[in-house]
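Per-entry structural report
Here's the letter readout for the chains.
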Amino acid sequence: MNTLKKIPLAVPDLTGNEARYLQECITSTFVSSVGPFVERFESMVAAASGAKGAVAVSSGTCGLHAALITVGVGPGDLVIVPSLTFIASANAVSHCGAMPWLVDVDPATWNLDPDLLEHILSHETRLQADGNVIHCASGRRVAAVMPVHTLGLAADMEAIVACARSRNLPVIADAAAALGATHRGQPVGALGAALSVFSFNGNKTVTCGGGGAIVGDHLPQLALARHLTTTARLGSGYDHDRVGFNYRMTNLQAAVGCAQLERLDPFVQAKRAIRARYDQAFADLADRVSPFPAPVDSAGACWFSGFVMRRAADPEAVERLRTGLQAVGIDARPFWKPLHRQPPYRQTPQTPQPVSDDLWWRVVTLPCATGLPEEDQHRVILAARRLLTG
Ligand SMILES: *Cc1c(COP(=O)(O)O)cnc(C)c1O
């Protein structure tokens, strides 16, 4: 039997007002999607993200789906998505009846490569007389650009938004794990996307158990997103003006979310401290591993921490390292397998993927719960160093 205490990748810290607020929901009977915590949660998310308003929804995926429909993505369209992302980004596109156009990432940030974006829009699309951007090879309309703030590090939004804006393409940011991140001092919801979407799934830095939020500055657009996520209902009767969705967050989820958001700053500080400690602990092994990206002008939310094995490693060696850590109770995991390698998206339009193909299998994520005790992190470091140098 293995008597070593297991160190999980991430566990939520629910030791604040979560239980008290949940009890308030039960006592008041406001457990569903109408309730004071939903409104409070929306104000807190808007404030934390630097956006004018927020719409709370039942998951990040639902939020992305509703945001895409809000900006007019429909059946047959293409939406530009980085291939290195969690599959939910592309699934939200598919739920619209559209297809992702998978673009490679920038090795310096692991985010959508803005130069490649400009290149494919210049060389592989044409502007139609009606203003639509058409993908030459498929004849499909390009309807939006969806950068992802990978690991909670803001994508190069200045370049991406400029590129999209010059063609009148809306930008929907998948900011799932990025609440708390800033770029040149600006919070992540204020970087130029029409709408940004957060996830509050159980493994994110701030959780509602499950949940999401759409934020933006254009209030009529947020009102449309709200309308779509509440069955497109007009007033309090049974009048609906289109096919809507039941995507609202419940007061129970929002109660947990409010308690979590009260501690957003300490949570993000804890994530950054864990990341800094790992970076420092493996710095002398630069011939074997390199740190996750850290551009100078961005303060990431550091959702996950870990390291990247050097190219000299082979997939078996990376797998051996992960299983070696698992064997001593340390929950080391692989990272997202790029979407062009997944059965549902093998046939979708895509750029060559030298960066994502070379990167994803070398990433090792390490335990990084906000409440990770220092001695546990020390154990992770010692075990990883032993395996890396042994
Ligand atoms: C977590 C995550 C999502 C999905 O959010 P859910 O709330 O689980 O639906 C989408 N995109 C990225 C990049 C994520 O990390």
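How each quantity is defined
- Residues numbered from 1 in each chain as written.
- Predicted model: local features only at pLDDT ≥ 70, side-chain atom pairs only at ≥ 80, totals over all residues.
- Heavy atoms only, no water.
- Axes fitted to C-alpha atoms, helices over the stretch in contact; angles between N-to-C directions.
- Helix = DSSP H or I, 4+ residues; strand = E, 2+ residues; numbered from the N terminus.
- Parallel < 35°, antiparallel > 145°, perpendicular 65-115°, else oblique.
- Left-handed = near helix turned anticlockwise from the far one by under 90°.
- Contact = heavy atoms within 4.5 Å.
- Nonpolar A, V, L, I, M, F, W, Y, C, P; charged D, E, K, R; others polar.
- Salt bridge = Lys/Arg side-chain N within 4 Å of Asp/Glu carboxyl O.
- Buried < 20%, exposed > 50% of the residue type's maximum accessible area, 1.4 Å probe, protein only.
- Polar contact = N/O pair within 3.5 Å; in protein donor to acceptor, adjacent residues only side chain to side chain.

Relative to each other, helix α3 (residues 60-70) and helix α4 (residues 87-95) sit at 45 degrees, their axes nearing to 8 Å. Regarding the angle of α3 to α4, the classification is oblique. For α3 against α4, the interelement crossing comes out right-handed. Residue-level inspection shows Thr 61, Leu 64, His 65 and Leu 68 of α3 in contact with α4, the latter providing Ala 88, Ser 89, Ala 92, Val 93 and His 95. Broken down by class, the residue content of the contact of α3 with α4 amounts to 5 nonpolar, 4 polar and no charged.

Per the stated rule, a full pass over the model turns up 17 salt bridges. The partner of Glu 42 in a salt bridge is Arg 248, with the nearest N and O atoms 3.4 Å apart. Within this pair, whereas Glu 42 is found in helix α2 (residues 36-49), its partner Arg 248 is found in the loop between β13 (239-240) and α8 (251-261), the two being separated by 206 residues in sequence. Judged on exposure class, the residue Glu 42 and its partner Arg 248 are both buried. Where Asp 77 meets Arg 141, a salt bridge forms, and the shortest distance between an N and an O atom there is 2.8 Å. Within this pair, whereas Asp 77 is found in the loop between α3 and β2 (78-82), its partner Arg 141 is found in strand β6 (residues 141-145), the two being separated by 64 residues in sequence. You can call Arg 141 partly exposed: its relative accessible area is 28%.

The next thing to look at is the environment of Glu 262. Topologically, Glu 262 is positioned in the loop between α8 and α9 (264-281). Between the C-alpha atoms of Glu 262 and Phe 30, which are 232 residues apart in sequence, the distance is 21 Å. If near-sequence neighbours (up to four positions away) are discounted, Glu 262 is found in contact with Asn 17, Tyr 21, Arg 40 and Met 44. In terms of polar contacts, Glu 262 uses its side chain to reach the side chain of Tyr 21, at 2.4 Å.

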